[in-house]
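# What the coordinates show
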Amino acid sequence: MNIGFLTTINTNIGDDFIRIGIENVIRSLRENKLTRFTYVNKHHPEEVLSANSPLRLLHKLPAFRGKQRLENIYYKYLHRYFNVYKNQQLIIQSGAPVLWPNCFNSEWNEPIWHQTIGKLYREIPVLNLAAGSCYPWERQEGFTNDGERQFAKRTGGYCKLVTTRDELAHKLFLEAETPNVLLPCSAFLVQPGFENKETGKYILINYMHAGGHFDWNQKIDATAWELTMKTVIGSLVQQHEVRFICHNEKEAELAAELYPGLQIHLPANVGEYMNCIMHAKAGICNRMHASVAMASAGVPSISVCTDTRLLMLDLLGLPVFYVKNTSSAVLISTVESLLKNASAERNRLFELKEKTFNRYRELLQPYCS
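Our subject in this report is the structure included herewith. (Residues numbered from 1 in each chain as written. Predicted model: local features only at pLDDT ≥ 70, side-chain atom pairs only at ≥ 80, totals over all residues. Heavy atoms only, no water.)

Core analysis: the biggest nonpolar cluster contains 54 residues, and Ile92, Tyr273, Ile277 and Leu364 have the highest contact counts within it. Tallying contributions element by element places helix 1 (residues 13-29) first for this core, with 7 residues. With near-sequence residues (within four places) excluded, Leu364 lies in contact with Ile22, Val25, Ile26, Leu29, Leu127, Leu129 and Leu161. (Core = buried A, V, L, I, M, F, W, Y, C linked by side-chain atoms within 4.5 Å. Buried < 20%, exposed > 50% of the residue type's maximum accessible area, 1.4 Å probe, protein only. Helix = DSSP H or I, 4+ residues; strand = E, 2+ residues; numbered from the N terminus. Contact = heavy atoms within 4.5 Å.)

Below, the structure written as structure tokens:
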């Protein structure tokens, strides 16, 4: 079976968690059967073109009168025959925020969703899995314009199945007349198995400037967040080993500046990442998929962020805080509460993980025979 993914490559390890979680489910359904995965990096829409696509040649030509008209003719009549998805038996849009302010302006919307998937969805089943929202925390009313609503409705119309990973995405797709199933993010399934026998040794900190990717004009005080985390770490190191886990070099540099002397983990791949978090006993994270991956290993964490990605951790029953509405005292006491109830929390997470895994199996089974 050939399965095409719309995903990201070498961009954000969290996206790898999402995709691998889905692949784990598919492999469980197709045990001992040949399965090939094809990946298209949504940030490089040209990857959807097959090697012999006439559009590859057309793109190389300098601008000339009528070039755009030729491209339009190509997309209308030829592109369905010259793309990497045409020989797949299933196409999966794999996680990451799907709905956010002006999401319809993404570079992959027209060339991949509409010009490619839009011409194939009647022949090849399309699934949009672990779709999330990314709206400012202080403005959770949802769609900010009709373009976003039409994007959700149009892409949802191409799909046989949509699963959403947070309450807001679930609500917005329903508003866009797209039925969807609310489930924990598939990154929760990145670590195979439903138990972790490792003894927790340290607390992991994932730290980002101002507590997240974007300020969203919410006037977040980055200095205040820095001081909060310095206080938190200063308290925790009195009784616990504390380490940093970082997703890129920039975060590693920030970690070294925030609290010099602590060990810094910068995993190069998913295997290294999981090996690190398997030995943790708790975490405090600004990256939401750091928290989801920890939960997959049975490690509870606190999530602090600036937008509605927080809601995917709320769905896992883990503590979440908007960066402007927390304090060092609250974070410290919450960590200690997680540690006090570590065994029960680990069991709860694995029970939820097994339930989630089985639900994904149930939903994907009709498409993975």
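Most of strand 1 (residues 2-7) sits out of view: 6 of its 6 residues are buried. In strand 1, alternate side chains face the same way, and those of Asn2, Gly4 and Leu6 on one face and Ile3, Phe5 and Thr7 on the other are all buried. Relative to strand 2 (residues 36-41), strand 1 runs parallel, the two being bridged by 6 bridges. Directly across from Ile3, in strand 2, lies its bridge partner Phe37. Where strand 1 meets strand 3 (residues 90-94), 4 bridges bridge the pair, whose relative direction is parallel. Across the sheet, residue Gly4 finds its bridge partner in strand 3, namely Ile91. (Pairing = 2+ DSSP bridges.)

Right, let's talk about the state of the cysteines for a bit. In the structure shown here, the tally under the stated rule is 0 disulfides. Between Cys103, a free cysteine, and Cys134, which holds the nearest cysteine sulfur, the sulfur-to-sulfur gap is 10 Å. Judged by its relative accessible area of 0%, Cys103 falls in the buried class. (Disulfide = S-S within 2.5 Å.)

What follows covers the layout of surface pockets. Its boundaries defined by the atoms lining it, the largest pocket holds a volume of some 530 Å³. Taken together, 24 residues line the largest pocket, and the ones lying closest to its centre are Asn12, Pro97, His213, Phe214 and Arg309. Looking at the lining of the largest pocket, the elements with two or more residues in it are helix 1 and helix 10 (288-296). Of the residues assigned to the lining of the largest pocket, the class counts are 10 nonpolar, 9 polar and 5 charged. (1 Å grid on protein atoms, 1.4 Å probe; cavity = no way out; pocket = protein on both sides within 12 Å on 5 of 7 lines; lining within 4 Å. Points joined across faces, edges and corners; volume = space filled by probe spheres on them. Nonpolar A, V, L, I, M, F, W, Y, C, P; charged D, E, K, R; others polar.)

One way to see where empty space is left: roll a probe the size of a water molecule over the atoms. Throughout the structure, instances matching the rule amount to 1 cavity of 30 Å³ or more. One number sums up the size of the largest cavity: a volume of about 60 Å³. Considering the residues around the largest cavity, the lining is formed by Lys42, Gln93, Gly95, Pro97, Val98, Trp100, Trp108, Trp113 and Phe151. Here the lining of the largest cavity is built from residues that sort into 6 nonpolar, 2 polar and 1 charged.

Take unusual backbone geometry next. Its identity is not glycine, yet Ala96 carries a phi of approximately 70°, on the positive side. The phi angle at Asn102 is positive, at roughly 65°, despite the residue not being glycine. Relative to the helices and strands, Asn102 resides in the loop between strand 4 (97-99) and helix 4 (109-120).

Turning our eyes to something else, we now look at helix 7 (residues 222-236). Helix length check: helix 7, at 15 residues, gives a terminal C-alpha distance of 21 Å against a target of 21 Å (1.5 Å per residue), a fit within 8%. Along helix 7, the positions that sit buried rather than exposed are Ala222, Trp225, Thr228, Met229, Val232, Ile233, Gly234 and Leu236. Those residues of helix 7 hidden inside the fold are in contact with strand 8 (202-206), strand 9 (242-245), helix 8 (249-258), strand 11 (280-285), strand 12 (301-305) and helix 12 (328-340). (Expected span 1.5 Å × (residues − 1).)

Below, the discussion takes up the packing of aromatic side chains. Inspection of the entire model under this criterion finds 10 aromatic pairs. A centroid spacing of 4.9 Å and a plane angle of 65° characterise the contact between Phe17 and Tyr273, whose relative ring orientation is edge-to-face. Here Tyr273 lies in helix 9 (residues 270-277) and Phe17 lies in helix 1, a separation of 256 residues in the sequence. Cluster of aromatic residues (ring-pair linked, three or more members): Phe5, Phe37 and Tyr39. Here Arg19 stacks its cationic end above the ring of Tyr39, 4.8 Å away from the centre of that ring. Here Arg80 stacks its cationic end above the ring of Tyr81, 5.8 Å away from the centre of that ring. (Phe/Tyr/Trp six-rings, centres within 6.5 Å; stacked < 30°, edge-to-face > 60°. Lys NZ or Arg CZ within 6 Å of the ring centre and 35° of its normal.)

Right, let's get into the pattern of salt bridges. This model, assessed by the stated rule, comprises 16 salt bridges. Of the charged contacts, one joins Arg80 and Glu123 as a salt bridge, the two residues approaching to 1.9 Å between their closest N and O atoms. A residue pair is termed long-range when its members are at least 10 positions apart, and Arg80 in the loop between helix 3 (67-77) and strand 3 and Glu123 in the loop between helix 4 and strand 5 (126-133) qualify at 43 residues. A salt bridge links Lys171 to Glu175, with the shortest nitrogen-to-oxygen separation between them at 3.0 Å. Pair noted here: Lys171 and Glu175 are both in helix 6 (residues 167-175), with a separation of 4 residues, about one helical turn. With a relative accessible area of 33%, Lys171 lands in the partly exposed category. (Salt bridge = Lys/Arg side-chain N within 4 Å of Asp/Glu carboxyl O.)

An ideal rise of 1.5 Å per residue puts 16 Å on 12 residues; helix 5 (residues 146-157) measures up with 16 Å between its terminal C-alpha atoms. Within the sequence span of helix 5, burial applies to Glu148, Phe151, Ala152, Thr155 and Gly156. Burial along helix 5 is one-sided: seen end-on, the buried residues are contained in an arc of 115°. For helix 5, the secondary structure elements touched by its buried residues are strand 4, helix 4 and helix 6. Regarding helix 5, its N-cap is Asn145, as a side-chain oxygen of that residue lies 3.0 Å from the backbone nitrogen of Gly147 further along. (Arc of directions from axis to C-beta. Polar contact = N/O pair within 3.5 Å; in protein donor to acceptor, adjacent residues only side chain to side chain.)

A separate point is the environment of Ser28. Looking at the secondary structure, you find Ser28 in helix 1. Overall, Ser28 belongs to the partly exposed group, its relative accessible area being 24%. Sequence spacing of Ser28 and Asn206 is 178 residues, and the spatial spacing of their C-alpha atoms is 31 Å. In this structure the side chain of Ser28 is engaged in a polar contact, spanning 2.6 Å, whose partner is the backbone oxygen of Val25. Side-chain polar atoms of Ser28 contact the side chain of Arg361, separated by 2.8 Å.

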